[in-house]
Amino acid sequence: MDIIILAAGRNERLKGIVPLYHKPLLVVNGKPLIVRMLDIINGWTTGKIVIVVAPENAKTIVEMTRDCVNQPIDYIIQPYATGPGNAFIQAAEICKSKKIMILCGDNYFQEEDLRQMFSLASFDGERFIIGTRTIKTKEEAQRFTVITPKWGILEGLALQHNDDFWENIGGYRCWVGPLIVPHPMFRDILNEQSHHVSELKIGEHLDKIGLKPTLVDCDCLDIGVPEVVEDATAR
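Residues numbered from 1 in each chain as written. Predicted model: local features only at pLDDT ≥ 70, side-chain atom pairs only at ≥ 80, totals over all residues. Heavy atoms only, no water.

A closer look at the packing of aromatic side chains
Defined as follows: Aromatic rings from Phe, Tyr and Trp, with only the six-membered ring used for Trp, were paired whenever their centres fell within 6.5 Å, and each pair was classed as stacked if the ring planes differed by under 30 degrees, edge-to-face if by over 60, and tilted otherwise. To qualify as a helix, a DSSP run of H or I must reach at least 4 residues; to qualify as a strand, a run of E must reach at least 2; elements of each kind are numbered from the N terminus. We call a charge positioned over a ring when the NZ of a Lys or the CZ of an Arg lies within 6 Å of the ring centre and within 35 degrees of the ring normal.
In this structure the tally under the stated criterion is three aromatic pairs. Each ring, one from Trp44 and one from Phe118, has its centre 5.3 Å from the other, and the planes form 65°; the classification is edge-to-face. With Trp44 in the loop between α1 (33-41) and β4 (49-53) and Phe118 in helix α4 (residues 111-120), the pair connects residues that are 74 residues apart, well separated along the chain. An aromatic cluster of at least three residues, connected via ring pairs, comprises Phe88, Phe128 and Phe186. Over the aromatic face of Tyr108 sits the side chain of Arg36, whose NZ or CZ is 3.9 Å from the ring centroid.

Here's what the structure looks like:
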């Protein structure tokens with residue numbers, strides 16, 4: 001399996017906490033997020049490890065991460081802010097494995113959850129394996145891709161059900177964390193969609209493959225807003 005780490009985002013919502021484009025370098029519990037991530041996956045795969053960076057953070061990230069794992073890391077520069085989908089397409093072009101694990105550079109996840117997903121990849125064929133977390137409030141869920149009980153996708157929570165419906169099923173199950181996708185199938189799906197939008201997302205295309213995914217509960221935090229930084233630091 002190849003592993004792609006997406007680390008080219010602008011992180012505008014964390015202004016004043018970390019410089020633009022430097023969210024993967026945010027230090028949580030004594031270690032930068034991306035370094036912690038590489039420490040966890042070190043030695044897991046003989047495939048490629050690819051980090052997608054922005055021109056604004058490339059030098060710093062390369063210097064900080066190039067010796068973190070016991071194999072070479074490939075670095076891809078995403079020259080413009082055209083979304084995580086396009087970042088994945090760029091990185092996937094140099095990948096050869098039939099499965100790719102996608103890690104978001106601003107995630108704080110637990111090693112045991114990632115290991116569970118990694119082990120499932122050997123048995124799940126061309127299905128997606130999606131790291132999910134149940135989120136209780138609509139306000140927080142609007143930041144994520146919501147996966148409906150009948151396997152549909154609500155990107156940014158395009159509300160197709162009333163509040164009572166979500167309360168009755170215990171909250172919003174959201175993609176928050178790692179993701180394993182079939183390759184080159186998912187790359188081709190995103191590549192087709194890239195011709196129609198200026199900023200290509202990943203979440204809204206997770207149902208394009210047709211097969212019901214394997215959902216794995218993950219104790220994962222997406223550090224996209226200041227209050228989540230405090231939650232991660234408290235762990």
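Quick look at the pairing of strand β1 (residues 2-7)
The side chains of a regular strand alternate between both faces of the sheet. The line we're drawing: Between buried and exposed lies partly exposed: a residue is buried under 20% and exposed over 50% of the maximum accessible area for its type, with that area taken using a 1.4 Å probe on protein chains only. Only strands that DSSP links by at least two bridges are regarded as paired with each other.
With six of six residues buried, β1 lies mostly within the body of the structure. Strand direction decides the pairing type here: β1 and strand β6 (residues 99-104), joined by five bridges, are parallel. Each bridged residue has a counterpart across the sheet, and for Ile4 the counterpart in β6 is Ile102. In terms of strand pairing, β1 meets β4 through five bridges, oriented parallel. The partner of Ile3 across the bridge, within β4, is Ile49.

Focus: the packing of helix α3 (residues 84-92) against helix α7 (residues 185-193)
As a reminder, the rule being used: In this analysis an axis means a line fitted to C-alpha atoms, helices contributing only their contacting stretch, and an angle means the value between N-to-C directions, from 0 to 180 degrees. For this classification, under 35 degrees means roughly parallel, over 145 means roughly antiparallel, 65 to 115 means roughly perpendicular, and everything else is oblique. Crossing handedness is read from the near helix: turned anticlockwise from the far helix by less than a right angle, it gives a left-handed crossing, and turned clockwise, a right-handed one. Residue contacts are defined here by distance: any two heavy atoms, one from each residue, within 4.5 Å place the two residues in contact. For this scheme, ten residues count as nonpolar: Ala, Val, Leu, Ile, Met, Phe, Trp, Tyr, Cys and Pro. Four count as charged, namely Asp, Glu, Lys and Arg, and the remainder, Gly too, count as polar.
It is the contact of α3 with α7, at a shortest axis distance of 10 Å, that shows an interaxial angle of 130°. Here α3 is positioned oblique relative to α7, judged by the angle of their axes. α7 is crossed by α3, and the crossing has left-handed handedness. Across the interface between the two elements, Gly85, Phe88, Ile89 and Ala92 from α3 touch Phe186, Arg187, Leu190 and Asn191 from α7. Tallied by class, residues from the contact of α3 with α7 come to five nonpolar, two polar and one charged.

Section: the environment of Lys138
Along the chain, the position of Lys138 falls in helix α5 (residues 138-141). Under the relative-accessibility criterion, Lys138 is labelled partly exposed at 22%.

Quick look at the environment of Leu103
Tracing the sequence through the fold places Leu103 in strand β6. Looking at Leu103, the relative accessible area reads 0%, which means it is buried.

So, unusual backbone geometry
Each neighbour pair has its own omega, and for His183 with Pro184 the value is 10°, a cis peptide bond. Within the secondary structure, Pro184 sits in the loop between β11 (172-182) and α7. A positive phi angle, near 55°, is found at Asn29, a position not held by glycine. Mapped onto the secondary structure, Asn29 falls in the loop between β2 (27-28) and β3 (31-32).

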